[in-house]
Structures are given as structure tokens and as C-alpha cells.
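An overview of the molecular structure
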Amino acid sequence: MTIAKPAHKRILLKLSGEALMGDDQFGINRATIVRMVDEIAEVTRLGVQVAVVSGGGNIVRGVAGGAVGMDRATADYMGMLATVMNSLALADTMEKAGLTARVMSAIAIEQVVEPYVRPKALQYLEEGKVVIFAAGTGNPFFTTDTAAALRGAEIGAELVLKATKVDGVYSADPKIDPAATRYSKLSFDEAISKNLGIMDATAFALCRDQKLPVKVFSIFKHGAFKRVVMGEDEGTLVYA
């Protein structure tokens, strides 16, 4: 009997902050983060090296009212710190699930997490640890999607997985148009010409230039993460 092997050895998972909220208005939903970590643990047990980038929208949303009129750079730094909080929560949940996780921040907060150092991150991945990249790129005006593209390219990931609430990219909004169809595959140029808005333009351009494919899938669909890693027809693949 032949045991199926994963289609990818090293991947980068981009989790939005909103995904961590579950059905809550803001913050971290405990049941949701535990379920996500269980899915990550299942993939690491297959021998796949997993790196994670988390957004911060779930926390920023809670302070959005107070940020009205705020300087953009200041607001972006607040968002970066929110991703550190999410990353710590993810790492703690992973440790409780039997995984070894390391949080590496693009902003120096050495009393809390270690700084991002590429060779160290690669070492951790080779050792089977889950590496969580926090604080985005460390610069304002760049999204966590761009951070995911950047870190994915730096660590030599074979695939960037963009976890969303929808199980792929559709020709139209499936909630509005029942005739909408899911794309199994799309080239970067097709996605741009169709204006599908999969990632922000900077992140998308970086992935295209580095020939780093992006897979869009639903993190809320049980087993979808594993099916993507195994190379099954799950979600939408965007390729160069």
C-alpha cells in the first residue's frame, strides 16, 4: 500500500486577524484558534514545514473608533503590534497542542519575542518547529499580505496559502450570484485582468515576480488545509 506524500515540503500560511475572531465582533475566539491550530498540527505531522503570518484586524477593529483621524504610520504600527498579540496567542495554543512554535518579530520587542533573523527562521523550520512571523514587514504602509509574500520568498516556501472565509476565488460573489463558479487555477495575469482582489497589489506583484504560487482556501472548511498541502483540488491556485 502506497502512502500519499504531501505535495509541498515548506509552506507559508497567511491567517487574517478576522479569521481568529470566529463569530465574535473583535478579539480572539478561543474555540476558533484551537481548531485552526489542530489543522496546523495535522499538517506538521505529515513532515511539512509550516510558517505563519497573522494579520491584526481582529484587535485593530476593537480600537478602530479611537484611530479615526490618526496618522497613517502610527495606525500601521498599532496594527503591527496587534499581530504580535495574535502571534503570541497562536504560539501558546500550538504549545498546548504539542507543537513547538517560535515567534519572530520584525519589530524589536526582545523581552517578549525574538527578532526576525532569516537563518534562525530557516533553522527552526528544518528542526520541525512552526515559525510565526509577527509585526508584518516592520514598516508602515505595507500589509500583512505583503509580509506573507516577503517572508514566503525569503524562506523559500513552495506555496503561500491565503486562508479566507471562502473556499477559493469565484467568478462572482457566490453569496449573491448562485451561478458563480470557483476557479481551480488562475495565472497571476488573469487574476489581475479580472480584478479579483485576491491580495493587495504589492503582495501580488512580489509573488508573481518571485514565481511564488498562492493558494486561496477556506480555513473554516474542515480538512481543507491538509487537502491543499496534499495537492488535492481544494481552493484556487494562482500561479506565474
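Residues numbered from 1 in each chain as written. Predicted model: local features only at pLDDT ≥ 70, side-chain atom pairs only at ≥ 80, totals over all residues. Heavy atoms only, no water.

Each helix and strand counted, the chain has 8 helices and 11 strands in total. Relative to the globule expectation of 18 Å for 240 residues, the C-alpha radius of gyration of the chain, 17 Å, shows essentially globular dimensions. By principal-axis analysis of the C-alpha atoms, the chain measures approximately 45 × 45 × 35 Å. Residue burial in the chain is summarised as follows: out of 240 residues, 49% are buried. The contacts of the chain with a sequence gap of at least 6 include a subset with a gap of at least 24, amounting to 74%. (Helix = DSSP H or I, 4+ residues; strand = E, 2+ residues; numbered from the N terminus. Rg over C-alpha atoms; globule rule 2.2 N^0.38 Å. Buried < 20%, exposed > 50% of the residue type's maximum accessible area, 1.4 Å probe, protein only. Contact = heavy atoms within 4.5 Å.)

Okay, the sheet that holds strand β5 (residues 130–134) next. Taking strand neighbours across the sheet as the criterion, the 9 strands line up as β4-β3-β5-β2-β1-β6-β10-β11-β9 in an open arrangement whose pairing is mixed. Looking at which strands have only one partner, the edges of the open sheet turn out to be β4 (114–115) and β9 (185–187). Here 2 bridges tie strand β3 (residues 101–105) to β4, and the two strands are oriented parallel to one another. Bridge pairing in β4 places serine 105 opposite proline 115. (Pairing = 2+ DSSP bridges.)

The subject of this paragraph is the nonpolar core. Leu13, Val52, Leu90, Met94, Ile132, Phe217 and Phe225 are the most contacted members of the largest nonpolar core, which has 37 residues in total. When neighbours within four sequence positions are excluded, valine 52 is seen to be in contact with Leu13, Leu15, Leu90, Met94, Val130, Val131, Ile132 and Phe133. Formed by 31 residues, the second largest nonpolar core is a distinct cluster that contains Leu125, Phe188, Ala203 and Phe204. (Core = buried A, V, L, I, M, F, W, Y, C linked by side-chain atoms within 4.5 Å.)

Put simply, helix α5 (residues 144–154) and helix α7 (residues 201–209) touch, their axes get as near as 8 Å, and they point 15 degrees apart. As far as their axial angle goes, α7 and α5 are roughly parallel. Where α5 crosses over α7, the handedness of that crossing is left-handed. Here α5 contributes Asp145, Thr146, Ala149 and Leu150 to the contact with α7, which in turn contributes Thr202, Ala203, Leu206 and Cys207. In terms of residue class, the contact of α5 with α7 is built from 5 nonpolar, 2 polar and 1 charged. (Axes fitted to C-alpha atoms, helices over the stretch in contact; angles between N-to-C directions. Parallel < 35°, antiparallel > 145°, perpendicular 65-115°, else oblique. Left-handed = near helix turned anticlockwise from the far one by under 90°. Nonpolar A, V, L, I, M, F, W, Y, C, P; charged D, E, K, R; others polar.)

As a further point, take helix α3 (residues 72–96). For α3, which comprises 25 residues, the first-to-last C-alpha distance of 37 Å matches the rise-based estimate of 36 Å (1.5 Å per residue) to within 8%. The N-cap residue of α3 is aspartate 71: its side-chain oxygen and the backbone nitrogen of alanine 73 are 3.1 Å apart. After α3 finishes, the residue glycine 98 shows a positive phi value of roughly 95 degrees. (Expected span 1.5 Å × (residues − 1). Polar contact = N/O pair within 3.5 Å; in protein donor to acceptor, adjacent residues only side chain to side chain.)

Attention now goes to the packing of helix α1 (residues 30–44) against α3. The axes of two packed helices give the description: the angle between them and the distance between them. In contact at an axis separation of 9 Å, α1 and α3 are set at 60 degrees when each is read in the N-to-C sense. By the criterion of interaxial angle, the relationship of α1 to α3 is oblique. For the element pair α1 and α3, the recorded crossing hand is right-handed. Listed contacts from α3 to Arg30, Ile33, Val34, Val37 and Ile40 of α1 are Ala89, Leu90, Thr93, Met94 and Lys96. For the contact of α1 with α3, a count of residues per class yields 7 nonpolar, 1 polar and 2 charged.

By secondary structure assignment, the location of glutamate 39 is in helix α1. Of the buried charged residues, glutamate 39 lacks a salt bridge, with arginine 35 as the closest side chain of opposite charge at 4.4 Å. (Lys, Arg positive; Asp, Glu negative; His and termini not counted. Salt bridge = Lys/Arg side-chain N within 4 Å of Asp/Glu carboxyl O.)

Here we come to the environment of arginine 61. Following the sequence through the fold, arginine 61 ends up in the loop between α2 (57–60) and α3. Arginine 61 sits 43 residues away from glutamate 18 along the chain, and the two C-alpha atoms are 8.9 Å apart.

What follows deals with unusual backbone geometry. In the Ramachandran plot, alanine 135 falls in the positive-phi region, its phi being about 70 degrees despite a non-glycine side chain. The topology assignment puts alanine 135 in the loop between β5 and α5. Judged by relative accessible area, which is 0%, alanine 135 ranks as buried. The backbone of phenylalanine 141 sits at a positive phi, close to 75 degrees, despite the residue not being glycine. Residue classification places phenylalanine 141 among the exposed positions, given a relative accessible area of 53%.

These results come straight from atomic positions and should not be treated as a statement about function.
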